[in-house]
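# Chains, contacts and geometry: an overview
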Amino acid sequence: MVGETFTGDVGLINKYIGNDLLHAQFDFNLYFAMRDNVLGSGSYRNIQNVLNQQSNYYSDLMGTFMGNHDVARAISVAAGQYQDKWGHNEEVSGWEAHLRVKTAWTMLLTNPGVPLIYYGDEYGLEGSNDPDNRRMMEFDDQLNNEQKGTLNYVRQLGKIRSEHSALRRGKRSDLAVEEKYWCYKLSDGKETVIVGVSEVDNVSCALGGNLNLYDLLNNTDAGTKSTLDFGPESKLQVYLVK
């Protein structure tokens, strides 16, 4: 059973987890960090720091999320268009906001925890704070091209997560982290998966040697690499070490 204590205070969240209490809680500490540093303009280093503190929780079943009924929609936060909770904000159509949402989903779905997807966040349903975050779900041709792309990407990530135990239970090791790019690997004794995310171009992460990789996002052999290189068409990368 997963509970909700609406706070970023790890101690208070832990207070209600135990053998005769809740099995886990929603990880608001991580949510606030994702909101401010991935959907917002902060540093990926802050995400790294919060994830490093997850060992302080009494449970490894913490619910990770990017939105719920109490907060503004992720895509609207990423676009900076969430001030009016009565639904008068402009439609979000720019690729930049959708890239931030995809980046946030990449981080959440390639790290341990139990991810929660609040309906519509998988494609970028807009909305400010309650009650504007309770809009009707949209489907198929109701979605614009950016929303369709985000939906397909999240579907793909979910499938990759389900097929690779390292993403669910692996131990994370960081390869490089800066303000707006981050590379890490997850290993569980059975396999190793390498993840890279970046908002900037012309940066690289060293892999610590030549590795034979399989590109999980594109379902293709990636050959041997010693670095992950980021550019306009390669900002999100997930590889299985062969």
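The paragraphs below set out a description of the structure included in this document.

## What about the environment of Pro131?
Residue placement: Pro131 occurs in the loop between strand 4 (114–116) and helix 6 (145–163). Sequence separation of Pro131 and Lys85 is 46 residues, and the distance between their C-alpha atoms is 6.4 Å.

## Details of the environment of Met34
Relative to the helices and strands, Met34 is located in helix 2 (residues 28–37). Under the relative-accessibility criterion, Met34 is labelled buried at 1%. Separated by 40 residues in the primary sequence, Met34 and Ala74 place their C-alpha atoms 9.6 Å from one another. Met34 has contacts with Leu39, Gly40, Ile47, Ala104, Met107 and Leu108, leaving out every residue within four places of it along the chain.

## So, the nonpolar core
Ranked by size, the top nonpolar core spans 42 residues in total, and within it Met107 and Trp182 carry the most contacts. The greatest single-element share of this core, amounting to eight residues, is contributed by helix 5 (residues 95–109). Residues contacting Met107, with those up to four places away along its chain left out, are Met34, Val38, Tyr44, Ile47, Trp182, Tyr184 and Val197.

## Quick look at the pattern of salt bridges
This structure, assessed with the given rule, holds 14 salt bridges. Salt-bridge contacts for Glu178 lead to Arg45; the nearest nitrogen and oxygen are separated by 2.5 Å. Of this pair, Glu178 sits in the loop between strand 5 (171–177) and strand 6 (181–187) while Arg45 is found in helix 3 (residues 44–52), placing the two residues 133 residues apart along the sequence. A salt bridge links Asp121 to Arg73; the nearest nitrogen and oxygen atoms lie 3.0 Å apart. Residue Asp121 is found in the loop between strand 4 and helix 6, and its partner Arg73 is found in the loop between strand 3 (63–65) and helix 4 (74–79); the two are separated by 48 residues along the sequence. Arg73 shares its class with Asp121; the two are buried.

## Considering the packing of aromatic side chains
For the structure on display, the rule yields 10 aromatic pairs. Members of the aromatic cluster, connected to one another through ring pairs, are Phe6, Phe26, Phe28, Tyr31, Phe32 and Phe65.

## Some details on the side chain of Gln147
As for its placement among the helices and strands, Gln147 is situated in helix 6. Judged by its relative accessible area of 3%, Gln147 falls in the buried class. At 3.2 Å, the side chain of Gln147 and the backbone oxygen of Gly124 are in polar contact. Sequence-distant contacts of Gln147, defined by excluding residues within four places in its chain, comprise His98, Tyr123, Gly124, Glu138 and Gln142.

## What about the sheet that holds strand 9 (residues 220–230)?
Judged by pairing direction, the sheet is antiparallel, and its six strands sit side by side in the order 5-6-7-10-8-9 without closing on themselves. Bordering the open sheet on either side are strand 5 and strand 9, each of which pairs with just one other strand. In this sheet, neighbouring strand axes are inclined to one another by 20° on average, regardless of whether the strands run parallel or antiparallel. Strand direction decides the pairing type here: strand 8 (residues 203–215) and strand 9, joined by nine bridges, are antiparallel.

## Considerations on unusual backbone geometry
Note: most peptide bonds trans; most residues except glycine with negative phi. Cis geometry is adopted by the peptide bond preceding Pro131, which originates at Asp130 and carries an omega value of 15°. The phi dihedral of Asp140 is positive, around 50°, even though this residue is not glycine. Structurally, Asp140 can be placed in the loop between strand 4 and helix 6. With a relative accessible area of 61%, Asp140 lands in the exposed category. Positive phi, close to 50°, is recorded for Asn219, a residue that is not glycine. Position of Asn219 relative to the elements: it lies in the loop between strand 8 and strand 9. Residue Asn219 is classed as exposed on the basis of its relative accessible area, which comes to 56%.

The rules behind each value
- Residues numbered from 1 in each chain as written.
- Predicted model: local features only at pLDDT ≥ 70, side-chain atom pairs only at ≥ 80, totals over all residues.
- Heavy atoms only, no water.
- Helix = DSSP H or I, 4+ residues; strand = E, 2+ residues; numbered from the N terminus.
- Buried < 20%, exposed > 50% of the residue type's maximum accessible area, 1.4 Å probe, protein only.
- Contact = heavy atoms within 4.5 Å.
- Core = buried A, V, L, I, M, F, W, Y, C linked by side-chain atoms within 4.5 Å.
- Salt bridge = Lys/Arg side-chain N within 4 Å of Asp/Glu carboxyl O.
- Phe/Tyr/Trp six-rings, centres within 6.5 Å; stacked < 30°, edge-to-face > 60°.
- Polar contact = N/O pair within 3.5 Å; in protein donor to acceptor, adjacent residues only side chain to side chain.
- Pairing = 2+ DSSP bridges.
- Axes fitted to C-alpha atoms, helices over the stretch in contact; angles between N-to-C directions.

In short, geometric facts, not functional conclusions.
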